[in-house]
Amino acid sequence: MDFYKNLYAESISNVLDTDNMEYFIGTYIPGMVSSEENMMLIKCPDFSEIKNVVFNLNRNNAPGPDGFGGVFYHSC
C-alpha cells in the first residue's frame, strides 16, 4: 500500500507544485496522436460521409443496440 500511496502522492504534488495541467499530461500520459490527427478525429462528419456510411449498412443485418436494423436507416 505504501508504494501506491507514495506513487500517487508524488503525482498529485507535481501537479499542485507546477499548477500546470499540460505538464502533468506531458509527463504521465504518452502522446500518441499528433495535433493534426486530433483535429481530424474531433471534427464533425459532413452529410455525405454520414450518408455513405448509412447506405453501406447491410439491409438484412439484425438490429443493433438501438433496436433498428439497416433497412430502417435505408428507408428513413
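Values in this document were obtained by computation on a predicted structure and should not be read as measured data. (Residues numbered from 1 in each chain as written. Predicted model: local features only at pLDDT ≥ 70, side-chain atom pairs only at ≥ 80, totals over all residues. Heavy atoms only, no water.)

Asker: Explanation requested: the overall build of the chain in the structure shown.
Answerer: Broken down by element type, the chain carries five helices and zero strands. Helices (α) and strands (β) of the chain occur, in sequence order from the N terminus, as α-α-α-α-α. The proportion of buried residues among the 76 residues of the chain is 9%. By element, 61% of the accessible surface of the chain is carried by carbon and sulfur atoms, the whole surface being about 6,900 Å². (Helix = DSSP H or I, 4+ residues; strand = E, 2+ residues; numbered from the N terminus. Buried < 20%, exposed > 50% of the residue type's maximum accessible area, 1.4 Å probe, protein only. Areas by Shrake-Rupley, 256 points an atom, 1.4 Å probe, with all protein chains shown as cover.)

Asker: Help me understand the confidence of the model for the chain in this model?
Answerer: Segments scoring low in pLDDT should not have their predicted coordinates read at a detailed level. Scored by pLDDT, the chain has a mean of 79; 86% of the residues are at 70 or more. Considering each helix and strand of the chain separately, the mean pLDDT is smallest for helix H1 (residues 2–18), with a value of 62, and largest for helix H4 (residues 47–55), with 91. (pLDDT = per-residue confidence, 0-100.)

Asker: It is not clear to me how the packing of aromatic side chains should be interpreted in this structure. Could you clarify?
Answerer: Each aromatic ring pair is specified by the distance between its two centres and by the angle formed by the two planes. Evaluation of the coordinates by the stated rule reveals three aromatic pairs. For the ring pair Phe68 and Phe72, a centre distance of 4.2 Å and an interplane angle of 25 degrees mean the geometry is stacked. Members of the aromatic cluster, joined through ring pairs, are Phe68, Phe72 and Tyr73. (Phe/Tyr/Trp six-rings, centres within 6.5 Å; stacked < 30°, edge-to-face > 60°.)

Asker: I would appreciate a short explanation of a nonpolar patch on the surface in the present structure.
Answerer: A surface patch of nonpolar side chains, about 710 Å² in accessible area, is lined by Met32, Val33, Met39, Met40, Leu41 and Ile42. Looking at where Leu41 falls in the secondary structure, it is placed in helix H3 (residues 35–42). Note on Leu41: relative accessible area 58%, which makes it exposed. (Patch = residues over 30% accessible without salt bridge, like charges linked within 9 Å, V, L, I, M, F, W, Y side chains within 5 Å. Salt bridge = Lys/Arg side-chain N within 4 Å of Asp/Glu carboxyl O.)

Asker: Can you help me understand the environment of Pro63 in this one?
Answerer: Assignment of secondary structure puts Pro63 in the loop between H4 and helix H5 (70–75). Excluding anything up to four places from it in sequence, Pro63 contacts Phe68 and Gly69. (Contact = heavy atoms within 4.5 Å.)

Asker: I'm lost on the side chain of His74 in this one. Help?
Answerer: Looking at the secondary structure, you find His74 in helix H5. Owing to a relative accessible area of 16%, His74 belongs among the buried residues under this scheme. Of the polar contacts made by the side chain of His74, one reaches the backbone oxygen of Val54; its length is 3.1 Å. When sequence neighbours within four positions are dropped, the list of residues in contact with His74 reads Val54, Phe55, Leu57 and Arg59. (Polar contact = N/O pair within 3.5 Å; in protein donor to acceptor, adjacent residues only side chain to side chain.)

Asker: Would you mind showing me how to read the environment of Tyr73 here?
Answerer: Within the secondary structure, Tyr73 sits in helix H5. In the structure, Tyr73 is positioned 22 residues away from Lys51 in sequence and 9.8 Å away in space, judged by C-alpha atoms. For Tyr73, the residues in contact, after removing those within four places along its chain, are Val54, Leu57, Asp66 and Phe68. Side chain to side chain, Tyr73 and Asp66 meet in a polar contact 2.3 Å long.

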